[in-house]
Amino acid sequence: MEEQVGTPTGTVLRRVSRVVLLDPEDRVLLMHGFEPDEPSRTWWFTPGGGLEGAESREEAALRELAEETGITDAELGPVLWRRECSFPFDGRRWDQDEWFYLARTRSTVTRLSGLTELERRSVAGLRWWTVAELSASHETVYPTRLAELLRTLLDEGPPSAPVVLETESA
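Residues numbered from 1 in each chain as written. Predicted model: local features only at pLDDT ≥ 70, side-chain atom pairs only at ≥ 80, totals over all residues. Heavy atoms only, no water.

### Considerations on the packing of aromatic side chains
What counts here: Paired rings are identified among Phe, Tyr and Trp, the last through its six-membered ring, by centres lying within 6.5 Å, and are further divided according to the angle between planes into stacked (under 30 degrees), edge-to-face (over 60) and tilted (the rest). Secondary structure elements follow DSSP: runs of H or I no shorter than four residues count as helices, runs of E no shorter than two count as strands, and numbering proceeds from the N terminus. Buried means the residue's accessible area, taken with a 1.4 Å probe over protein chains only, is under 20% of the maximum for its type, while exposed means over 50%, and partly exposed covers the values in between. Note on criteria: charge over ring means Lys NZ or Arg CZ within 6 Å of the ring centre, with the direction from the centre no more than 35 degrees off the ring normal.
For the structure on display, the rule yields 4 aromatic pairs. With a centroid separation of 5.7 Å and an interplanar angle of 55°, the aromatic rings of Trp 81 and Phe 100 are classed as tilted. With Trp 81 in strand 6 (residues 75-89) and Phe 100 in strand 7 (residues 92-104), this residue pair connects regions lying 19 residues apart in the sequence. When sorted by exposure, Trp 81 lands in the same class as Phe 100, which is buried. Relative to Trp 94, the ring of Phe 89 has its centre 6.3 Å away and its plane inclined at 55°; by these criteria the two rings are tilted. A single burial state applies to Phe 89 and to Trp 94, both of which are buried. Through a chain of ring-to-ring contacts, the aromatic side chains of Trp 43, Phe 89 and Trp 94 assemble into a single cluster. Directly above the aromatic system of Trp 99 lies the positively charged group of Arg 57, at a separation of 4.2 Å from the ring centroid. Sitting over the face of the ring of Trp 94, Arg 92 holds its NZ or CZ atom 3.7 Å from the ring centroid.

### Some details on helix 4 (residues 146-156)
Test applied: Summarising the geometry, the arc corresponds to the directions from the helix axis toward the C-beta atoms. We call two residues in contact whenever any of their non-hydrogen atoms come within 4.5 Å of each other.
Those residues of helix 4 lying buried are Leu 146, Ala 147, Leu 149, Leu 150 and Leu 153. With its buried residues spanning 165° around the axis, helix 4 presents them on a single face. The exposed residues of helix 4 that point more than 90 degrees off its buried face are Asp 155 and Glu 156. Next to the buried residues of helix 4 lie strand 2 (12-22), strand 3 (28-35), strand 6, strand 7, helix 3 (131-136) and strand 9 (141-142). Once helix 4 finishes, Gly 157 follows within two positions and takes phi at roughly 85°, a positive value.

### Quick word on the pairing of strand 4 (residues 38-45)
Note the following rule: Pairing between strands is defined by DSSP: at least two bridges between the two strands are required.
Pairing analysis gives 5 bridges linking strand 3 to strand 4, with the strands arranged antiparallel. Residue pairing in the sheet places His 32 in a bridge with Trp 44 of strand 4. Between the end of strand 3 and the start of strand 4, which pair antiparallel, lie 2 residues. One ladder, built from 2 bridges, connects strand 4 with strand 9; its direction is parallel. Residue Phe 45 lies in a different strand from strand 9, and its bridge partner there is Tyr 142.

### Looking at helix 1 (residues 57-69)
For clarity, the cut-off: The span you would expect from a helix comes to 1.5 Å times its residue count less one.
Compared with an ideal rise of 1.5 Å per residue, which puts 13 residues at 18 Å, helix 1 spans 18 Å between its outermost C-alpha atoms and is within 8% of the ideal. Within the span of helix 1, buried status applies to Arg 57, Ala 60, Ala 61, Arg 63, Glu 64, Leu 65, Glu 68 and Thr 69. Just downstream of helix 1, Gly 70 is the residue with a positive phi angle, here 80°.

### Points about the pairing of strand 6
Where strand 6 lies against strand 7, 12 bridges are found, and the strand directions are antiparallel. Note on strand 7: the bridge partner recorded for Phe 89 is Arg 92. What sits between the antiparallel neighbours strand 6 and strand 7 is a turn of 2 residues, in which Asp 90 has the positive phi angle 55°. Relative to strand 10 (residues 163-164), strand 6 runs parallel, the two being bridged by 2 bridges. Residue Arg 82 lies in a different strand from strand 10, and its bridge partner there is Val 164. For strand 6 and strand 11 (residues 168-169), the ladder comprises 2 bridges, and the chain directions are parallel. Considered in strand 11, the bridge of Cys 85 is made with Glu 168.

Written as structure tokens, this is what we have:
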């Protein structure tokens, strides 16, 4: 069962760990998602998902990365960013408290064999992106400022404390 946290307004937030996975060439791995009932509505996003049971955020990040990408040799680094987001997907509203972890890998071969049933209905594939490709792209990417955030990360290194990103709501 996923661990959730309440807010002062009574909204229940799903606790999520996401992974900003960089390869030796500083490319980031993103998943290509789509609305199951509307496959033409697509976006790119970082691997990750909700905490299960008593697992830590770090454990969830590594588990989700392995399940969604097949990559198991990633070295998990610090939390880069935190954000709250709210969006409709697959007939329901998702309210999430997301922590984005930096991770590095030497492996660039991916596989989608560990996806859940919902992920199999809503993930088209994976792709390694350079910052330049992200900056030039007109596709939807979450978080929305990912190209800028990655450029800062690569230029300055990880922040001394997690940066709180603007709340995103759709």
